[in-house]
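# Observations on the three-dimensional arrangement
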Amino acid sequence: MKAAVVREVRKPVSIEERPRPEPGPGEILVRILASGICHSDLHILDDEMPSPHPLPLVVGHEGAGTVEAVGADVTKWRVGDRAGIPWLRWACGECRECIEGWEPLCAGMRGTGFDEDGCWAEYAVCPAAFAARIPEKLSWEQAAPVLCAGVTSYKAVKLSGTRPGRTLGVFGIGGLGHLGLQYGKLAGARVIAVDIHAAKLSLAEELGADACVDASQGDAHRRIRRQGGVDDAVVFATSARAIRDAVKSLKPNGSVVVAALPPGEVPLRASDLVDRGVRLVGTALGTRQDLMEVLDLAASGRVQVKVETCRLEDVNTVLDSMRAHRLDAARKVIQL
Ligand SMILES: [Zn+2]
Ligand SMILES: [Zn+2]
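Notes on the structure follow. (Residues numbered from 1 in each chain as written. Chains lettered and ligands numbered in written order. Predicted model: local features only at pLDDT ≥ 70, side-chain atom pairs only at ≥ 80, totals over all residues.)

What follows deals with the environment of P25. Here P25 is to be found in the loop between β2 (14-17) and β3 (27-36). By C-beta crowding, P25 is classed as exposed, having 10 other C-beta atoms within 10 Å. Sequence-wise, P25 and A72 are 47 residues apart; in three dimensions their C-alpha atoms are separated by 4.5 Å. Other than its neighbours up to four places away in sequence, P25 contacts G71, A72 and D73. (Helix = DSSP H or I, 4+ residues; strand = E, 2+ residues; numbered from the N terminus. Buried ≥ 20, exposed ≤ 12 C-beta atoms within 10 Å, placed from the backbone. Contact = placed C-beta atoms within 7 Å.)

Between helix α3 (residues 140-160) and helix α4 (residues 177-186), the shortest axis-to-axis distance is 8 Å and the interhelical angle comes to 45°. Classified by the angle their axes make, α3 and α4 are oblique. In the crossing of α3 with α4, the sense of the turn from one axis to the other is right-handed. Between α3, through A149, G150, S153, Y154, A156 and V157, and α4, the contact on the second element is made entirely by G177, L179, G180, Y183 and G184. Counted by class, the contact of α3 with α4 contains six nonpolar, five polar and no charged residues. (Axes fitted to C-alpha atoms, helices over the stretch in contact; angles between N-to-C directions. Parallel < 35°, antiparallel > 145°, perpendicular 65-115°, else oblique. Left-handed = near helix turned anticlockwise from the far one by under 90°. Nonpolar A, V, L, I, M, F, W, Y, C, P; charged D, E, K, R; others polar.)

As structure tokens, then:
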């Protein structure tokens, strides 16, 4: 099969032929038809989030396609079923976090394209219990980004506790944020979109943002506070400053949910949290239940997933654009 393979970190991935994986007991083999490109992939390739898997490694954790074969003991999947392979490919199911419904926090959690080979390939395997069913109405290209960007931003908005009558600040209108703002609107909130790029702010407007704030024009929090502030905020921008702006934009008793990994430290004073009773929460991924909900939401047509497709051979060019922050909000998806 054709695959994009990491042979050395901080080097281009190599497009090569490699053996098709075989599904082991409890696993399914998926013929990947669309595979998203996530910032986490870039962090792995650039050694900012080193994979424990010995190289070579196939990255990619937004793989959507059809079941090609099922391993022994698989009863709920059949050849031809529509399947998605997310980052969360295994959690123990027995630890406190798993039992309490926080399986992405399981200490034994295994990540696709990180702990094991992922989806930038024509075929990939996944434990059947953690593969997601892709609704009929959803195209492969639209489904792929939901498997990571969608579920992560959906969970962040859920954790923010936003609801009708509250204002939600969405910081960073990229692959995650353009979805997060739509989930915020669906939750009934008034949404303020914050970004440093005019093009992303106009996309936010098109997707239903009630107000937009251009953070390239100095302290965004001052302008948000002048507009009354926000009750809650979600941060998707890879920017420590965005986290600070979010905290400082809050009304009393609000929460900031951070789903981005900017390098370095966040410049905050304890008083920024203490004086207004701010809750600062981190989040990554979502549970299998969150993933089912967000795939259904995408299939219902109530959320627009912005994608741009590329070929597997073009993946290095796309990665270079991501490194140079030249990408628009649309998620890049490899068509296979
Ligand atoms: Zn991801
Ligand atoms: Zn566990």
